[in-house]
Number of protein chains: 2
Amino acid sequence: MKQLVRGERARRVLEAIILEYISGGVPVGSRAIAKRHGLDVSPATIRNVMADLEELGLLYQPHTSAGRIPTELGLRVYIDSILKIKQLSNADRERIRRSYKGGVARVEGLLKETSKVLSSFSNQAGVVLTPRLSLTVFKRIEFVRLRANMVMTILVSQAGIVHNTIFEIDGDISQEELDKYSRYLNDMLQDLTLHQVKTRLLDEMKKEKVLFDRLLSKALELSQKALQENIEDSEIYIEGRTNLLDNPEFADVEQMRRIFNAFEEKSKIIDLLDKSMSAGGVNIFIGSESELLDMESVSFITSPYTSGDEILGTLGVIGPTRMDYSRIIPLVDYTAKLLSKMLKETL
Amino acid sequence: MKQLVRGERARRVLEAIILEYISGGVPVGSRAIAKRHGLDVSPATIRNVMADLEELGLLYQPHTSAGRIPTELGLRVYIDSILKIKQLSNADRERIRRSYKGGVARVEGLLKETSKVLSSFSNQAGVVLTPRLSLTVFKRIEFVRLRANMVMTILVSQAGIVHNTIFEIDGDISQEELDKYSRYLNDMLQDLTLHQVKTRLLDEMKKEKVLFDRLLSKALELSQKALQENIEDSEIYIEGRTNLLDNPEFADVEQMRRIFNAFEEKSKIIDLLDKSMSAGGVNIFIGSESELLDMESVSFITSPYTSGDEILGTLGVIGPTRMDYSRIIPLVDYTAKLLSKMLKETL
DNA sequence: CTTTAGCACTCCTTAGACTCGAGTGCTAAC
DNA sequence: GTTAGCACTCGAGTCTAAGGAGTGCTAAAG
């Protein structure tokens, strides 16, 4: 990719245009570049370079007599081979840490807080994908008799995630009986991931068919039911949607509607975050790279977060393609690390 | 209020204008009313009536040569003394019931589903306030040892709501020990509301100071900690925000931003829903009646929902003041009743 | 061969002028 | 009390002209 932009000067011009465009949001002309960016050449020269960059597909003109705007490819090249990613300053780190007021009272709350942090420090939308239950490690199961024929199962994972399911059963079971089941299961299932738990339960059920142990049988059946429900699903927390309204490129209502529709539907965003979960480190999707239909002018910057060795989920920032990557990339990176640390230390 | 609009004809004109305005969204003129609403009088007569209604503050003109728009007061009068609230048709009821696919796997999910139902049947935004924990009845408490010094408390209410808190303790406690505590507490706290539980615990702690029972002491301390955390808070589920974008009155970006800001902040909406919880039946807030700053053109239609005798929360529809009250009022009413029934029957 | 000044050209943006039409309020007649 | 007639108001839409930002090309200079 680097070779695409041969000369040092071409690279500096591209950088200048992108910086100018990011801060201004309007097409940038040759004069502005020549003046403000310490390139000691005339606008005419800049124009020649611009024409070259346009031919390479890194810039384009909305119309003949307008300045240039970077294309997605242009941004890609910039991010991959020009942008130097700075570390977050100590002051910034400190400010981020401080904005997590209080301790970790609930994992859910911590994740929600994180999406708020991402949004307020980026001035864009912050997003956090919740852990997929099936990937987490089993910690505890409890059954609660709600009333005759109705039982609630509460599942706790090592990472402190709680999940409950309510379901109907044939015939009543007393709370004492249910407690016996859970004690039994808690012993059996220690240290398995929920995914493993599921297959383990199936194995045991097969064995049990031969042994005819009634206690065992019921316990397995109940937990089986509890695990059927959506342990593969994730949710997302999105905060700061309205920050996006401040970007002039979304002023047009039609654009806006599409973006907010995507926020409303969530499933596409979940898919995207899910995909970038396994790829370690910071991921960047520029415009149509995210393959979310109708989202040409939106970029995602994401990073997975963990708890100890478990990869739990992804967090990130959603903003216009024209966002301040140099600030937001380290922000996402640091926030992911900080969250991982908090999850590990407190749980 | 009824006296405000003396003549039968005046009332019919007001109704006609409101109906026309609701369906069209643009100021309505005298011709349209004279033609379409079976009032057998000329436009000039209508104009006279309109002038009277305007003097009463029920209508206003955006500018001299425009038609009339109902004021908030006009809508209020219409809703209070003209509108006859129809029952929902059986077909509609059936369609609503059917849109709850599957059973009640989690209360949380049920509430979220409900806000979706409200949104899709009203074509506006649907909103559901989650139960305030402190009002619900205690069912069960569990402690889980996450690791040394870290304990999770899981609280289950009779209505099937689960709430967890993680906190640090001085000195390690084994899981067996924790189980003892929870068995003890589960016996003691049956059938109290969480609010009562809180005071009860304080009482017991005072007594205990005298008795020096170590088991009791620790158990009380832990549960006390768990209850300190946000049992007074509620959350809301909002669905169908983007439906509001289809209303021409919100086409202007500035308007939109204000509304979406309110959605983002939530606390004001929570307050409003909270307030309308105690007032039984359907509540209607037109425009500035809701006292949400900057929300002149938005109406709320809300109704509390219950589980048995407990009032749990509020649900409703948020839309433009210009919404189809005759359809949405019974929708909100029916949905609240249906949700209450489901909560009661399955839990 | 590269850089630059000069210049004609393009095309968006803005503002003003104008028309059109919906709707009103008033007056006078029924 | 109701209605027809009419002058008047005012926003929405259309058209035109001016202004200006920015370009591409050419030709000269380094």
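What you see is a predicted model, and the numbers here were worked out from it, not measured in a lab.

Scoring rules and cut-offs
Residues numbered from 1 in each chain as written. Chains lettered and ligands numbered in written order. Predicted model: local features only at pLDDT ≥ 70, side-chain atom pairs only at ≥ 80, totals over all residues. Heavy atoms only, no water. Domains from an automatic or database assignment. Contact = heavy atoms within 4.5 Å. Buried area = accessible area lost by both parts, 1.4 Å probe. Salt bridge = Lys/Arg side-chain N within 4 Å of Asp/Glu carboxyl O. Polar contact = N/O pair within 3.5 Å; in protein donor to acceptor, adjacent residues only side chain to side chain. Helix = DSSP H or I, 4+ residues; strand = E, 2+ residues; numbered from the N terminus. Nonpolar A, V, L, I, M, F, W, Y, C, P; charged D, E, K, R; others polar. Pairing = 2+ DSSP bridges. Axes fitted to C-alpha atoms, helices over the stretch in contact; angles between N-to-C directions. Core = buried A, V, L, I, M, F, W, Y, C linked by side-chain atoms within 4.5 Å. Buried < 20%, exposed > 50% of the residue type's maximum accessible area, 1.4 Å probe, protein only. Near = heavy atom within 4 Å. Phe/Tyr/Trp six-rings, centres within 6.5 Å; stacked < 30°, edge-to-face > 60°.

### Topic: the domain arrangement of chain A
All names here are of chain A.
1) Next: Annotation of chain A at the domain level lists domain 1 (2–82), domain 2 (90–131 + 234–346) and domain 3 (134–228).
2) Next: With centres defined by C-alpha atoms, the gap from domain 2 to domain 3 works out at 34 Å.
3) Next: Listed per partner, the contact involves 5 residues of domain 2 and 7 residues of domain 3.
4) Next: Each partner contributes to the roughly 480 Å² buried at the junction of domain 2 and domain 3, and carbon and sulfur atoms together form 70% of this total.
5) Next: A per-residue breakdown of the area domain 2 buries against domain 3 is headed by Val-107, Pro-131 and Glu-310, which together make up 68% of the total.
6) Next: At the boundary of domain 2 with domain 3, the tally comes to 0 salt bridges.
7) Next: Inspection of the region where domain 2 meets domain 3 yields 1 residue pair in polar contact (both at pLDDT 80 or more).

### Concerning the interface of chain B and chain A
1) Next: At the interface, 47 residues of chain B touch 47 residues of chain A.
2) Next: Overall, the association of chain B and chain A removes approximately 4000 Å² of surface from exposure, summing both partners, and the carbon and sulfur fraction of that is 52%.
3) Next: Joining chain B to chain A, the criterion identifies 10 salt bridges.
4) Next: Of the charged contacts, one joins B:Glu264 and A:Arg241 as a salt bridge, the two residues approaching to 3.7 Å between their closest N and O atoms.
5) Next: Where chain B touches chain A, the interface holds 22 residue pairs in polar contact (both at pLDDT 80 or more).
6) Next: Broken down by secondary-structure element, the contributors of at least two residues to the side of chain B that touches chain A are helix 6 (107–122), strand 4 (138–147), strand 5 (150–157), strand 6 (162–168), helix 7 (175–189), helix 10 (253–265) and helix 12 (325–346) of chain B.
7) Next: At 8 residues, the largest contribution of residues to the side of chain B that touches chain A is made by strand 4 of chain B.
8) Next: Taken together, the residues of the side of chain B that touches chain A break down into 18 nonpolar, 11 polar and 18 charged.

### Let's talk about the sheet that holds strand 4 (residues 138–147) of chain A
Residues and elements named next belong to chain A.
1) Next: The strand order across the open sheet formed by 3 strands is 4-5-6, and the pairing between neighbours is antiparallel. Two strands lie at the open edges of the sheet, namely strand 4 and strand 6 (162–168), each paired on one side alone. Averaged over all pairs of adjacent strands, the angle between their axes in this sheet comes to 20 degrees, without regard to strand direction.
2) Next: When strand 5 (residues 150–157) meets strand 6, the two strands line up antiparallel, connected through 7 bridges. Pairing of Leu-155 across the sheet is with His-163, part of strand 6.
3) Next: Across the sheet, helix 9 (residues 214–228) is in contact with strand 4, strand 5 and strand 6; its angle to strand 6 comes to roughly 115 degrees.

### Observations regarding the nonpolar core
1) Next: One finds A:Ile96, A:Leu185, A:Tyr325, B:Ile96, B:Leu185 and B:Tyr325 to be the most contacted residues of the largest nonpolar core, which totals 181 residues.
2) Next: Once you skip the residues sitting within four places of it in the chain, A:Ile96 turns out to touch A:Leu88, A:Val117, A:Phe121, A:Leu331, A:Tyr334 and A:Leu338.
3) Next: Core analysis: the next-biggest nonpolar cluster, separate from the first, contains 48 residues, A:Phe263, A:Phe300, B:Phe260 and B:Leu273 among them.

### A closer look at the protein's contact with DNA strand D
1) Next: What surrounds DNA strand D is a group of 20 residues, the closest being A:Ser30, B:Arg9, B:Thr45, B:Thr64 and B:Ser65.
2) Next: Taking the atoms of DNA strand D that fall within 4 Å of the protein, sugar and phosphate contribute 79% of them.
3) Next: Separating a base oxygen of DNA strand D from a side-chain N or O atom of A:Arg47 is a distance of 3.1 Å.
4) Next: For DNA strand D, a phosphate oxygen lies 2.9 Å from a polar atom in the side chain of A:Arg68.
5) Next: At the level of elements, helix 3 (43–55) of chain A together with helix 3 (43–55) of chain B are the ones that each hand at least two residues to the surface near DNA strand D.
6) Next: With 4 residues, helix 3 of chain B is the largest single contributor of residues to the surface near DNA strand D.
7) Next: Taken together, the residues of the surface near DNA strand D sort by class into 4 nonpolar, 12 polar and 4 charged.

### A few points about the protein's contact with DNA strand C
1) Next: Close to DNA strand C lie 20 residues; A:Arg9, A:Thr45, A:Thr64, A:Ser65 and B:Ser30 are nearest.
2) Next: In this structure, A:Thr64 approaches DNA strand C through a side-chain N or O atom, which is 3.0 Å from a phosphate oxygen.
3) Next: Contacts to DNA strand C include B:Arg47, whose side-chain N or O atom sits 3.1 Å from a base nitrogen.
4) Next: Contributing elements (two or more residues each) for the surface near DNA strand C: helix 3 of chain A together with helix 3 of chain B.
5) Next: Along the lines of polarity and charge, the residues of the surface near DNA strand C split into 4 nonpolar, 12 polar and 4 charged.

### Examining the packing of aromatic side chains
1) Next: Inspection of every chain in the model, using the stated rule, returns 3 aromatic pairs over all chains.
2) Next: With centroids separated by 5.8 Å and ring planes inclined at 85 degrees, the aromatic side chains of B:Phe260 and B:Phe263 adopt a geometry described as edge-to-face. On the criterion of helical spacing, the pair formed by B:Phe260 and B:Phe263 is a turn pair, its members being 3 residues apart in helix 10.
3) Next: Taken together, the ring pairs in this structure connect A:Phe260, A:Phe263, B:Phe260 and B:Phe263 into an aromatic cluster.

### Concerning the environment of A:Gly171
1) Next: Turning to its location among the elements, A:Gly171 is positioned in the loop between strand 6 and helix 7 (175–189).
2) Next: For the pair formed by A:Gly171 and A:Met150, sequence separation is 21 residues and the distance between their alpha carbons is 9.4 Å.

### Focus on the sheet that holds strand 7 (residues 236–239) of chain B
Within a sheet, adjacent strands bond to each other through the backbone by hydrogen bonds, running parallel or antiparallel.
All names here are of chain B.
1) Next: With respect to topology, 5 strands assemble into an open sheet ordered 7-3-10-9-8, the strand pairing being antiparallel. Looking at strand neighbours, the two that pair on one side only are strand 7 and strand 8 (283–285), the edges of this open sheet. Here the average twist between neighbouring strands, direction ignored, is 20 degrees.
2) Next: As defined by bridge partners, strand 9 (residues 298–307) adjoins strand 10 (residues 310–320) across 10 bridges and the pair is classed as antiparallel. Of the residues in strand 10, the one forming a bridge with Val-298 is Pro-320.
3) Next: Along the sheet face, helix 11 (residues 267–278) touches strand 3 (125–129), strand 7, strand 8, strand 9 and strand 10 and points at about 125 degrees away from the line of strand 10.

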